[in-house]
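What the coordinates show
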Amino acid sequence: MAFTAFSGATAAAEPVVRRKSPIALFLLLPGIFYLILFFVTPLISLIITSLQAPDPLIFGQFVNAFNWQNYVTVIETYGEQAVRSAGYAALATFFALLIGFPLAYFIGITLRPYPLLQSLALVLVIAPFFISFLLRTLAWKQIFSTEGPVSGILSSIGILGPGESITGTTFSVVFGLTYNFIPFMTLPIYATLVSLDLRLLEAGNDLYGGPATTFRTVTLPLSAAGVMSGTLLTFIPAAGDYINASREFLGSADTTMIGNVIETNFLVLQNFPAAAALSLLLMGFILVLVALYVKRSGTEELL
């Protein structure tokens, strides 16, 4: 009897091995094909292009050389733009967090008793997505231009000199990046705060915790996943952005980011190997930063 019970317990403790269903694998094939066609294939093509060298016989043509000279050249040539891109993206992410977290808290917690106002506020956050990225940036270029209202006010109080404008400065580029990517920061944080149990905040207040203490010990740790997601969603596209820093928009020659360099090499100089090498270096740089950030923040499960 005891032996039977022991055998039953042992059998119950054994892990259940589930066979992979061929139907499930078949259903995955379209997704796998899509990834191979639109992600793996372009990536391989980009790697091959980055290893090419100019054809000595035909100007503007490239041959497969399979060397690392393009990587060495672009690192030596465009190091300043790479550092500037990382700095601009970090500043934009920081300011987006300063603006986006209070906004998400207001919508997700403060307005929770008022569903209609909460929905309206959420729509206002999403509304910029219905307008072209280029049009929004051009609008700010007009506002910050010499004839614009902001420059006029600053000139009247002596902050800007005659003929000076805000466009073409570090401030205008970082402002444009922050403005355009604020929804990417706000929405993930809102998604975590809207499901936050308010009884936890009440418990923090009942335990004589002030607003700052409750926020630091309860709200912020429980919203860490949203902050993590928002930071990544903001920093990654901001680091590769080439619109805000462009001379045609909010930037100038002194604010060139790595995205502008890639655009110039691809479309103007048609130096495809250098542009491909820059693109791969930018992708690798972002992946390393993301891995370090995830490791230090202790949110590996989000990857």
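Residues numbered from 1 in each chain as written. Predicted model: local features only at pLDDT ≥ 70, side-chain atom pairs only at ≥ 80, totals over all residues. Heavy atoms only, no water.

Focus on the overall build of the protein chain
Defined as follows: Helix and strand definitions follow DSSP, with helices as H or I runs of at least four residues and strands as E runs of at least two, each counted in order from the N terminus. Accessible surface is estimated by sampling points in the Shrake-Rupley manner with a 1.4 Å probe; for residues, cover comes only from the protein chains shown.
When helices and strands are counted, the protein chain shows 13 helices and 2 strands. Surface summary for the protein chain: the accessible area is close to 18700 Å², and the carbon and sulfur share equals 72%.

Details of unusual backbone geometry
The line we're drawing: For every residue, the accessible area obtained with a 1.4 Å probe (protein chains only) is divided by the maximum for its type, and the residue is called buried under 20%, exposed over 50%, and partly exposed between those limits.
You will see that Gln270, though not glycine, has its phi angle at about 55°, which is positive. Relative to the helices and strands, Gln270 is located in the loop between helix H12 (258–268) and helix H13 (272–297). Among the residues examined, Gln270 registers a relative accessible area of 47% and is labelled partly exposed.

Quick word on the layout of surface pockets
Rules: Of the two site types, the cavity is a set of points on a 1 Å grid over the protein atoms alone where a 1.4 Å probe fits but cannot get out, and the pocket is an open set with protein on both sides within 12 Å along at least five of seven lines, each lined by residues with an atom within 4 Å of a point. Grid points are joined across faces, edges and corners, and a volume is the space filled by probe spheres set on the points. Any residue outside Ala, Val, Leu, Ile, Met, Phe, Trp, Tyr, Cys, Pro, Asp, Glu, Lys and Arg is labelled polar, Gly included; the first ten of those are nonpolar and the last four are charged.
Approximately 270 Å³ is the volume found for the largest pocket. Residue lining of the largest pocket: 14 residues in total, with Tyr78, Ala82, Ile258, Leu281 and Phe285 positioned closest to the centre. Broken down by secondary-structure element, the contributors of at least two residues to the lining of the largest pocket are helix H3 (69–77), helix H4 (79–110) and H13. A per-element tally of the lining of the largest pocket places H4 first, with 5 residues. The computed volume of the second largest pocket comes to approximately 200 Å³. Along the lines of polarity and charge, the residues of the lining of the second largest pocket split into 3 nonpolar, 5 polar and 3 charged.

So, the packing of H4 against helix H11 (residues 224–239)
The criterion, for reference: Here the axes come from fitting lines to C-alpha atoms, over the contacting stretch only for helices, and the angles between their N-to-C directions go from 0 to 180 degrees. For a crossing to be left-handed, the near helix must be turned anticlockwise from the far one by less than a right angle; the clockwise case is right-handed. Residues are treated as being in contact if the distance between any of their heavy atoms lies within 4.5 Å.
At a minimum axis distance of 9 Å, the contact between H4 and H11 shows a crossing angle of 145°. Relative to H11, H4 is oriented so that their crossing is right-handed. Residue-level inspection shows Ser85, Ala86, Ala89, Ala90, Thr93, Ala96, Leu97 and Phe101 of H4 in contact with H11, the latter providing Val227, Thr231, Thr234, Phe235, Ala238 and Ala239. In the contact of H4 with H11, the residues fall into 10 nonpolar, 4 polar and no charged.

Description of the packing of helix H8 (residues 170–193) against H11
Stated precisely, the cut-off is as follows: Working definition: roughly parallel below 35 degrees, roughly antiparallel above 145 degrees, roughly perpendicular at 65 to 115 degrees, and oblique for all remaining angles.
Closest axis-to-axis distance for the H8/H11 pair is 7 Å, and the angle between their directions is 155°. If you check the angle between H8 and H11, you find them roughly antiparallel. For the element pair H8 and H11, the recorded crossing hand is right-handed. Residue-level inspection shows Leu177, Phe181, Phe184, Met185, Pro188, Ile189 and Thr192 of H8 in contact with H11, the latter providing Ala225, Gly226, Val227, Ser229, Gly230, Thr231, Leu233, Thr234, Pro237 and Ala238. Split into classes, the residues belonging to the contact of H8 with H11 amount to 11 nonpolar, 6 polar and no charged.

Quick notes on the packing of aromatic side chains
Where we set the bar: By convention, a stacked pair of Phe, Tyr or Trp rings (six-membered ring in the case of Trp) has centres within 6.5 Å and planes under 30 degrees apart, an edge-to-face pair has planes over 60 apart, and any other such pair is tilted.
Taken as a whole and assessed by the stated rule, the structure comprises 14 aromatic pairs. Linked through ring pairs, Trp140, Phe144, Phe171, Phe175 and Tyr179 together constitute an aromatic cluster.

Describing the pattern of salt bridges
Using the following cut-off: When a carboxyl oxygen of Asp or Glu lies within 4 Å of a side-chain nitrogen of Lys or Arg, that pair is called a salt bridge.
By the definition in use, this model includes 2 salt bridges. Note that Arg84 is salt-bridged to Glu80, the shortest N-O span being 2.8 Å. Separated by 4 residues within a single helix, Arg84 and Glu80 lie in helix H4, roughly one turn from each other. The exposure class of Arg84 is buried, given its relative accessible area of 16%. Close ionic contact of Arg199 with Asp197 constitutes a salt bridge, the shortest N to O distance being 2.9 Å. Judged by relative accessible area, which is 61%, Arg199 ranks as exposed.

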